[in-house]
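# Working through the structure, step by step
Below, each chain spelled out in residue letters.
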Amino acid sequence: MSKVFIKKDREKMWYTGHPWMYSGAVDKIEGNPMGGSVVEVYNYKQEFIGYAHYNKNSKIMLRMLEKNIDKKIDLNWYSEKVREAFTLRKMVKIDSNAYRLIHSESDSLPGVIVDSFGDYLVVQASTLGMEKDKNILVEALKKEIPNLKGIYEKSEGDGRKLEGLPEISGILFGEVPDEIQIYEGKSKFTIDLKGQKTGFYSDQRDNRVLMGSLSEGKDFLDVCSYTGGFSLHAMVNGANSSTLIDVSEDVLNVARKNLSSYESVEFIKGNIFNVLRDLVKEGRQWDLVNLDPPKLAPNRRDLPKALKAYKDIILNGLKLTRKGGFLSIYSCSGAVTSSDLRMALAFAVKDAGVRAIIVNQLHQSPCHPISVAVPETEYLKGFLVRVI
Ligand code: SAH
């Protein structure tokens, strides 16, 4: 196995549990490791510090996997990780058959996301190392997860580009139907696992349940509705009406199907930055306003612009909220911290001239655990506020 030696003190992050080692930390390489292969990593005192996936074409040249020299990165190792992740998911008692089974670094598998939908899994590999080990991972999943009927791969996104990998999708095991039925609490959804646009965001599960619990007899505004997850929870819980806004006709069509048994549902296709302003001009208001915009700050550099956008969205959201109503705002940008979002909320509340109190601080659901050592694994944050 090839050996990679790193510069003095560059192992500190790994000792805290953060598995990324940038190319600038690497001093020398012994051997000629293949891209994506497992290498031994040593500190400048020539002490073994772990095994890692190696990719010379990525800024993150090493993804540390294991500290124990006696372990091998093989089927057993992958099975152990999958078993541990699955055990946690069973312990946190998820009232849904749609959840994240593997949340990359948080589950000690950097570069892999696995989502579970009923008897099917969707795998996303975002590093060259995991791309190469995909078959072992699939074997481990087959071994550890009972009643599996199929595994589908949907490997896409910016991470793969940075690793020099193309996007791929296709069946890895068994059979995967075009549509499958899932449940989340009392709500039932049809999802298209193979579709480009219509997966399902299980990170918002607890927040959908919370908003649903406030919805009886209320008018609900679902901003950036996607396939209607929040609205369905609202309607199932007896909401008076729901209005969905999304820029994509494709996702609204799926939302129409998911909500087809309800009459008082309205769909608005458009860009929220225009639609919200127009609704304010029309003088419309709702009891519950749910603001779930897409990632507005891909990295820290975009932060000032993103915070202005969050403030703008919240300000219009507050104007659309009836007195005594609730507004929730979420950010799924890793670069935006909870304090950043709270600041945007504070400025918006001031400009709206209302009084608002934070009732709940919101997070990604527990099937998306946060690694204490890897802040990047905490990405969804939000606030539920009561407008007084
Ligand atoms: N609330 C959803 C997830 C939202 S994902 C759920 O719980 O399932 C973000 C959504 O925002 C996507 O559906 C995307 O189409 C939509 N979107 C992105 N930019 C937008 C814009 N400028 N205006 C309106 N919708 C937008």
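Every value quoted in this text rests on a predicted model; they were computed, and no experiment measured them. (Residues numbered from 1 in each chain as written. Predicted model: local features only at pLDDT ≥ 70, side-chain atom pairs only at ≥ 80, totals over all residues. Heavy atoms only, no water.)

## Notes on the site of the ligand
- In the region of the ligand, 14 residues are neighbours, and Arg 208, Asp 246, Asn 271, Ile 272 and Asp 292 sit closest.
- One of the side-chain N or O atoms of Arg 208 is found 2.8 Å from an oxygen atom in the ligand.
- Residue Ile 272 places a main-chain N or O atom 2.9 Å away from a nitrogen atom belonging to the ligand.
- Bound to the protein, the ligand loses 85% of the 580 Å² it would expose on its own.
- A breakdown of the residues in the shell around the ligand according to their chemical character gives seven nonpolar, four polar and three charged. (Near = heavy atom within 4 Å. Polar contact = N/O pair within 3.5 Å; in protein donor to acceptor, adjacent residues only side chain to side chain. Areas by Shrake-Rupley, 256 points an atom, 1.4 Å probe, with all protein chains shown as cover. Nonpolar A, V, L, I, M, F, W, Y, C, P; charged D, E, K, R; others polar.)

## Digging into the nonpolar core
- In terms of nonpolar packing, the biggest core is built from 33 residues, with Val 223, Ile 245, Ile 314, Leu 327 and Ile 329 touching the most fellow members.
- Of all the secondary-structure elements, those providing two or more residues to this core are strand 14 (219-223), helix 9 (272-281), strand 17 (286-291), helix 10 (303-319), strand 18 (321-331), helix 11 (338-352) and strand 20 (381-387).
- Of all the elements, helix 10 adds the most residues to this core, at seven residues. (Core = buried A, V, L, I, M, F, W, Y, C linked by side-chain atoms within 4.5 Å. Buried < 20%, exposed > 50% of the residue type's maximum accessible area, 1.4 Å probe, protein only. Helix = DSSP H or I, 4+ residues; strand = E, 2+ residues; numbered from the N terminus.)

## Some details on the packing of aromatic side chains
- Within the structure shown, the criterion is met by seven aromatic pairs.
- In this structure an aromatic cluster arises from ring pairing among Phe 5, Tyr 42, Phe 48 and Tyr 51.
- One residue, Arg 63, lies across the ring of Trp 20, its end atom 5.8 Å from the ring centre.
- Geometry around Phe 267 places Arg 256 over its ring, the cationic atom sitting 4.9 Å from the centre. (Phe/Tyr/Trp six-rings, centres within 6.5 Å; stacked < 30°, edge-to-face > 60°. Lys NZ or Arg CZ within 6 Å of the ring centre and 35° of its normal.)

## What about helix 9?
- Along helix 9, the residues that are buried comprise Ile 272, Val 275, Leu 276 and Leu 279. Buried residues of helix 9, viewed axially, fall in a sector of 95°; they line one side.
- Each element contacted by the buried residues of helix 9 is listed here: strand 14, strand 15 (241-246), strand 16 (265-269), strand 17 and helix 10.
- The N-terminus of helix 9 is capped by Asn 271, whose side-chain oxygen sits 2.9 Å from the backbone nitrogen of Phe 273.
- Of the residues flanking the end of helix 9, it is Gly 283, one or two places downstream, whose phi is positive at about 75°. (Arc of directions from axis to C-beta. Contact = heavy atoms within 4.5 Å.)

## Regarding the pattern of salt bridges
- Throughout the structure, instances matching the rule amount to 24 salt bridges.
- For Asp 158, the salt bridge is made with Lys 161, and the minimal N-O distance between the two is 3.7 Å. Of this pair, Asp 158 and Lys 161 both sit in helix 5 (residues 158-162), three residues apart, which is roughly one turn of the helix.
- The exposure class assigned to Lys 161 is exposed, which follows from its relative accessible area of 61%.
- For Arg 300, the salt bridge is made with Asp 340, and the minimal N-O distance between the two is 3.3 Å. Separated by 40 residues along the polypeptide, Arg 300 in the loop between strand 17 and helix 10 and Asp 340 in helix 11 bring together distant segments of the chain.
- Relative accessible area serves as the criterion here: at 15%, Asp 340 is assigned to the buried category. (Salt bridge = Lys/Arg side-chain N within 4 Å of Asp/Glu carboxyl O.)

## Thoughts on unusual backbone geometry
- Of note in the backbone geometry, Ser 108 takes a positive phi value of approximately 60° without being a glycine.
- You can see Ser 108 is positioned in the loop between strand 7 (98-103) and strand 8 (112-117).
- With phi around 55°, Tyr 226 is a residue other than glycine that occupies positive phi space.
- Turning to its location among the elements, Tyr 226 is positioned in the loop between strand 14 and helix 7 (229-236).
- Taking relative accessible area as the criterion, Tyr 226 reaches 17% and is therefore assigned buried.

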